[in-house]
Amino acid sequence: MIAMTAKARAKSSDILLSVRDLVVEFATDQGIVRAVDGVSFTIKAGETVGLVGESGCGKTVTGLAILGLIPSPPGRIVSGSIELQGQDLTQLSEPELRKIRGSEISMIFQEPMTALNPVFRIGSQMIDVLRRHQQLSKRQAHAAAIEMLAKVGIPDPAVRIEEYPHQLSGGMRQRVMIAMALSCGPKLLIADEPTTALDVTTQAQVIEQIIKLQSEFGMAMILITHDLGVVAETCRQAIVMYCGSVLENAPVTELFAHPRHPYTLGLLGSIPRLQADRQTKLPIISGMVPDLLHLPSGCRFADRCNKVMQQCRQQRPLLGALPDTSTKVACYDPH
Amino acid sequence: MSTMNTSAVSGIDGHGDSLWLKAARKFKRDRVGMWALFGVFIYAVIALGVVFGFWGGAWADVTGPKWAPVSAEYWFGTNIIGQDIFARALYSTRTAFEVGLLVAIGATALGAVFGAVAGFFSGTWIDEIIIWVMGVLDSVPFILLVAAIAYSLGGSPWAMHIAMIATFWIGTARLVRGEVIKLKTLEYVEAAHAIGLGKVKIIFRHILPNTFHILLVQATISFVAAIKSEVILSFLGLGVKDGMSWGLMISESTFEVLAGFFNNFIAASVLMFGLVMAFNMFSDALQDALDPRSVK
Amino acid sequence: MTPIDANLGFKQSQLTEDGSQPLLEVHELKKYFPLQGGLFGRPRQHLKAVDGVSFSLNRGRTLGLVGESGCGKSTLGRAILYLQPPSAGQVRLRGQPLSSLSNAGLMAARRDMQIIFQDPYASLSPRRTVAQIIREPLDVHRIGNSAERRERVEELLTIVGMRQNSLNRYPHEFSGGQRQRIGIARALALNPKFIVADEPVSALDVSVQSQVLNLIDRLKAEQNIAFLFISHDLAVIQHVSDDVAVMYLGKIVEQASARDIYAHPQHPYTRALLSAIPVPDPRHKAQRIALTGDVPSPLNPPAGCPFHARCPVVTELCRTDVPQLKPGKGEATHFVACHLVE
């Protein structure tokens, strides 16, 4: 295990995943909705990146696109590329993608109850996954499954493996999902709001477990979340999305110390925080997220921005590196 | 801004709610559904024409020879005593609509009310009584029930209608009950309790309107079932008493078919098949259009 | 002191503070749900969702009720409003026990107490317009004539910060935050004195959440409404509350002024909860109090202290004796149910 971690560190500068100009559209009754509009980012091996934004910003769709799981119809990857170690996933056939899913890239979802099949014991579901991707006998797979359950912190794994999903608590189910996702040693884990459905105390346990396993397995992780607190605690890099595009991409320490985009600034300001003295009024971002069907032609945030200029309404600012920082921001007048 | 205003206006004009407008838009895109609706429409025109006396009035007159073949004068030929089969078939369309509509409306209304009341009071004695009544009615063979009702009503021409309504509402009630059990736990129903609204008003104002999609589909299903049952009951002599129907035509044709004359039989069964088919497809398309999971 | 005395003491201290009768008094409130299971449908077991809760609330104050899912906090809110009549205990509104009221009397009392819900999608009837939804309370209680009602609806829309052209539109045309505002307008229609806000911002996005929180804050100040603010989010609770009660398995385990409970949490569970919140600051080093296991099922609550199975500082006494809510250290209004706090 130690050797593996060292290897992962040595290769940490390697780019594992590179998403370029990804565009995903959905056909709806009212017209075409562009859920992801020109998203680009890279992820290095072993790195944890937070994909942050409010509902409808396209963060989940981006995650699904990487796995080739965009429901089609109505969804469709219109353009762009998703390269995993140099291989463009958008060009692969469904059987080829299926081989990659689970073994190279895994995903865990928000709702662990619906992600597990209620009529099968968790053991048989785990064994299925293991044997689909690895040459294992039933007995080997069974042993491996128990080992994985123990790794994610499930007490009495040999007993629990015989149980059905409904017999487990929410936290335990999410741990089972994590065990299944990690059982084939993926290089990249996409975690979509993995702790949102859990209670605070359980959330803390599960996050801790994820971080521990991640360094143990040396895998990269994309953490999709709306919770900036979770991002601050787990991620090294954060990507802020809004209405289908990336507004800011920065190292987490930078992002929280010097948010550059007015949206990031507003978002950080509007979270109620635990503090000694209670604020009388929370700073807010006025207005609301625009309808994806009627997006403004310029900057998507223009209508809610307190620094809006003529230029912002005419042309969409592109994501560009800010001089002397490692921050990329899509704004004409960053803070 | 302008888009906001138009949607606000359409909300008022559409009155029935823009959820319905969306369903209508979706239905319009369903080509099979639109063709089915067109078919149903033609049948409806035929039935209305009979009601207003444009055609089909001469169904009982003996106008020609026995078993006349298809001709310009007798489009579908004549029957065993020389009555025009075409006129009888048209008149039967009216009967079919009459039976179908009455039963559909009656059974759906009854099912809606009892289903909603049972669902709203689920777990109490009110629910248990309604379920018990449904179970009892369900366990009596349908034809026996019609015979019993016909007997007790002294051979009333409405015995068939009443018997159908008395049994068809059960399916609707079961579906509505299930939906209401789900709806009554929703927060807007709780909100209605919180502002002090009475139970009856909560059922009729907040719960039943949200089962309309089920009721509409159930009404179309009852309509088809009623038409098909009418044919069987009339064939058995338990159905239509005065007037003419496809069931009676088929019943008549039993003698004719043995003698090798098929006009009566074919006219009635093809017309009935057409209407049932069109209505079924219409009902399917309606279900799709009203499916809340696909109405975004 | 017995627990009842303890709570009376709590009330007394509030009484002397501003010299008036509490608006709402909840005394030893219990809500048990019978579970079918016996051979003849007789309940064999009871789910003790709320198991003896007492507190009082003055006009214009906000009590934050915090706890994890399944702790009974939502049930408590509904039992207080008699939406789910309590199994035992008392709720008094301005001194008047709700249990003594007839149906008509309870309906009249509903003018003074309202509820705001969590799910902005389930809380508004999809087939009614915004105007119909907000107007309904006025119709039910026959307040004013038609023109006055319309005027009041327009006024309410302004109060919650919505545009007048929303009146004839349907809920599904609005975003979550706007729908939550409509729900708040409906709750305000009758000028209530007391509102149960059941996780009103949990389903909303961060940027919208702060807008709704500010709206609730403003209502509290301008209309002098008392809130029972239910949430699982300690940061949100701190932002809106004057006092805070922490609930675990149907019981209040700690209760104090918001300032005191966040500065000096005394119950191990409160401490663990506070330490578990992810802090949006990467420089912050989390000092987690690790809790093991999950919340026990309220069907089989453990003997002794409900928290003992997960408590990091559990003693022998905790496994056998139920700790009562008694004055803790520091402020006189700080109450804790823990054997270790003396």
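Look above for the structure.
The present account deals with the structure reproduced in this document.

Procedures and definitions
Residues numbered from 1 in each chain as written. Chains lettered and ligands numbered in written order. Predicted model: local features only at pLDDT ≥ 70, side-chain atom pairs only at ≥ 80, totals over all residues. Heavy atoms only, no water. Contact = heavy atoms within 4.5 Å. Buried area = accessible area lost by both parts, 1.4 Å probe. Salt bridge = Lys/Arg side-chain N within 4 Å of Asp/Glu carboxyl O. Helix = DSSP H or I, 4+ residues; strand = E, 2+ residues; numbered from the N terminus. Nonpolar A, V, L, I, M, F, W, Y, C, P; charged D, E, K, R; others polar. 1 Å grid on protein atoms, 1.4 Å probe; cavity = no way out; pocket = protein on both sides within 12 Å on 5 of 7 lines; lining within 4 Å. Points joined across faces, edges and corners; volume = space filled by probe spheres on them. Expected span 1.5 Å × (residues − 1). Buried < 20%, exposed > 50% of the residue type's maximum accessible area, 1.4 Å probe, protein only. Arc of directions from axis to C-beta. Polar contact = N/O pair within 3.5 Å; in protein donor to acceptor, adjacent residues only side chain to side chain. Phe/Tyr/Trp six-rings, centres within 6.5 Å; stacked < 30°, edge-to-face > 60°.

1. What to know about the interface of chain C and chain A
Listed by partner, the interface residues are 40 residues for chain C and 41 residues for chain A. Both sides together, the interface formed by chain C and chain A hides about 3,400 Å², and carbon and sulfur atoms give 55% of it. Per-residue buried area on chain C facing chain A is highest for C:Val206, C:Pro280 and C:Pro282; these three make up 18% of the total on that side. Between the two partners, chain C and chain A, sit 0 salt bridges. Every element with two or more residues in the side of chain C that touches chain A is listed here: α7 (206–223), α8 (234–240) and α10 (268–276) of chain C. Counting residues per element, the side of chain C that touches chain A draws most heavily on α7(C), which supplies 10 residues. A per-class count over the side of chain C that touches chain A returns 18 nonpolar, 14 polar and 8 charged.

2. Considering empty space enclosed by the protein
Going through the model one piece at a time under the given rule, you end up with 4 cavities of 30 Å³ or more. In this structure, the largest cavity spans a volume of roughly 100 Å³. A:Pro262, A:Cys299, A:Cys305, A:Cys312 and A:Cys331 are the residues nearest the centre of the largest cavity, which is lined by 14 residues in total. Residue composition of the lining of the largest cavity, grouped by class: 11 nonpolar, 1 polar and 2 charged. There is about 60 Å³ of room inside the second largest cavity. What lines the second largest cavity is C:His267, C:Pro268, C:Cys305, C:Phe307, C:His308, C:Cys311, C:Val314, C:Cys318, C:Pro323, C:Cys338, C:His339 and C:Leu340. Classifying every residue of the lining of the second largest cavity by side-chain character gives 9 nonpolar, 3 polar and no charged.

3. Here's the deal with helix α5 (residues 125–139) of chain B
In an α-helix there are 3.6 residues to a turn, and that puts residues three or four apart on one side. All names here are of chain B. For α5, which comprises 15 residues, the first-to-last C-alpha distance of 21 Å matches the rise-based estimate of 21 Å (1.5 Å per residue) to within 8%. Within α5 the residues assigned to the buried category are Asp 127, Ile 130 and Met 134. One side of α5 holds all its buried residues, which, seen down the axis, span an arc of 70°. Of the exposed residues in α5, the ones pointing more than 90 degrees away from its buried face are Trp 125, Glu 128, Trp 132 and Ser 139. Buried residues in α5 make contact with α4 (85–120) and α7 (159–183).

4. A word on the interface of chain B and chain C
Opposite the 28 residues of chain B that make contact, chain C presents 29 residues. Roughly 2,600 Å² is buried in total at the junction of chain B and chain C, and carbon and sulfur atoms are behind 53% of that figure. Put simply, chain B and chain C have 2 salt bridges between them. A salt bridge links B:Glu190 to C:Arg78, with the shortest nitrogen-to-oxygen separation between them at 2.4 Å. For the pair chain B and chain C, the number of links is 10 residue pairs in polar contact (both at pLDDT 80 or more). Residue assignment for the side of chain B that touches chain C shows that the elements contributing at least two residues are α1 (2–13), α2 (18–29), α8 (187–194) and α9 (199–207) of chain B. Considered class by class, the residues forming the side of chain B that touches chain C number 13 nonpolar, 10 polar and 5 charged.

5. Thoughts on the packing of aromatic side chains
Counted under the stated rule, the structure contains 14 aromatic pairs over all chains. Ring centres of A:Tyr242 and A:Tyr263 lie 4.5 Å apart, and the angle between their planes is 50°; this geometry places the pair in the tilted category. Of the two residues, A:Tyr242 is situated in strand β9 (residues 237–242) and A:Tyr263 in helix α12 (residues 262–270); the sequence distance between them amounts to 21 residues. Each member of the pair, A:Tyr242 as well as A:Tyr263, carries the same accessibility label: buried. Each ring, one from B:Phe142 and one from B:Phe168, has its centre 6.0 Å from the other, and the planes form 25°; the classification is stacked. Taken together, the residues span a long stretch of sequence, with B:Phe142 in helix α6 (residues 142–152) and B:Phe168 in helix α7 at a distance of 26 residues. Classification of B:Phe142 as partly exposed rests on a relative accessible area of 26%. Owing to a relative accessible area of 17%, B:Phe168 belongs among the buried residues under this scheme. Joined through ring pairs, the aromatic side chains of B:Phe27, B:Phe97, B:Phe223, B:Phe279 and B:Phe282 make up one cluster.

6. Observations concerning the layout of surface pockets
Looking at the second largest pocket, its volume works out to about 800 Å³. Lining the second largest pocket are 24 residues; nearest its centre among them are B:His193, B:Lys199, C:Tyr82, C:Leu83 and C:Arg110. For the lining of the second largest pocket, the secondary-structure elements that each account for two or more residues are α8 of chain B together with α3 (103–109) of chain C. The dominant element in the lining of the second largest pocket, judged by the number of residues it contributes, is α3(C), at 4 residues. For the lining of the second largest pocket, the residue count by class is 11 nonpolar, 9 polar and 4 charged.

7. A few points about the environment of C:Leu57
Within the secondary structure layout, C:Leu57 lies in strand β2 (residues 45–57). Discounting residues that sit within four places of it in the chain, C:Leu57 has contacts with C:Pro22, C:Leu23, C:Leu24, C:Thr62, C:Leu63, C:Phe194, C:Ala226, C:Phe227 and C:Leu228.

8. Quick look at unusual backbone geometry
Trans peptide bonds make up most of the peptide bonds, and negative phi angles are found at most residues other than glycine. The phi angle at A:Asp21 is positive, at roughly 45°, despite the residue not being glycine. Among the secondary structure elements, A:Asp21 is positioned in strand β1 (residues 15–28). Even without being a glycine, C:Leu249 presents a positive backbone phi close to 50°.

9. Considering the pattern of salt bridges
Inspection of every chain in the model, using the stated rule, returns 40 salt bridges over all chains. Here A:Arg313 makes a salt bridge to A:Asp303, at a shortest N to O gap of 2.8 Å. Taken together, the residues span a long stretch of sequence, with A:Arg313 in helix α13 (residues 310–314) and A:Asp303 in the loop between α12 and α13 at a distance of 10 residues. Among the ionic pairs, C:Glu68 bridges to C:Arg310, the shortest N-O distance being 3.6 Å. Pair noted here: C:Glu68 is in the loop between β3 (62–66) and α2 (73–80) and C:Arg310 is in the loop between α10 and α11 (316–320), with a separation of 242 residues, a long-range link. Each member of the pair, C:Glu68 as well as C:Arg310, is classed as buried.

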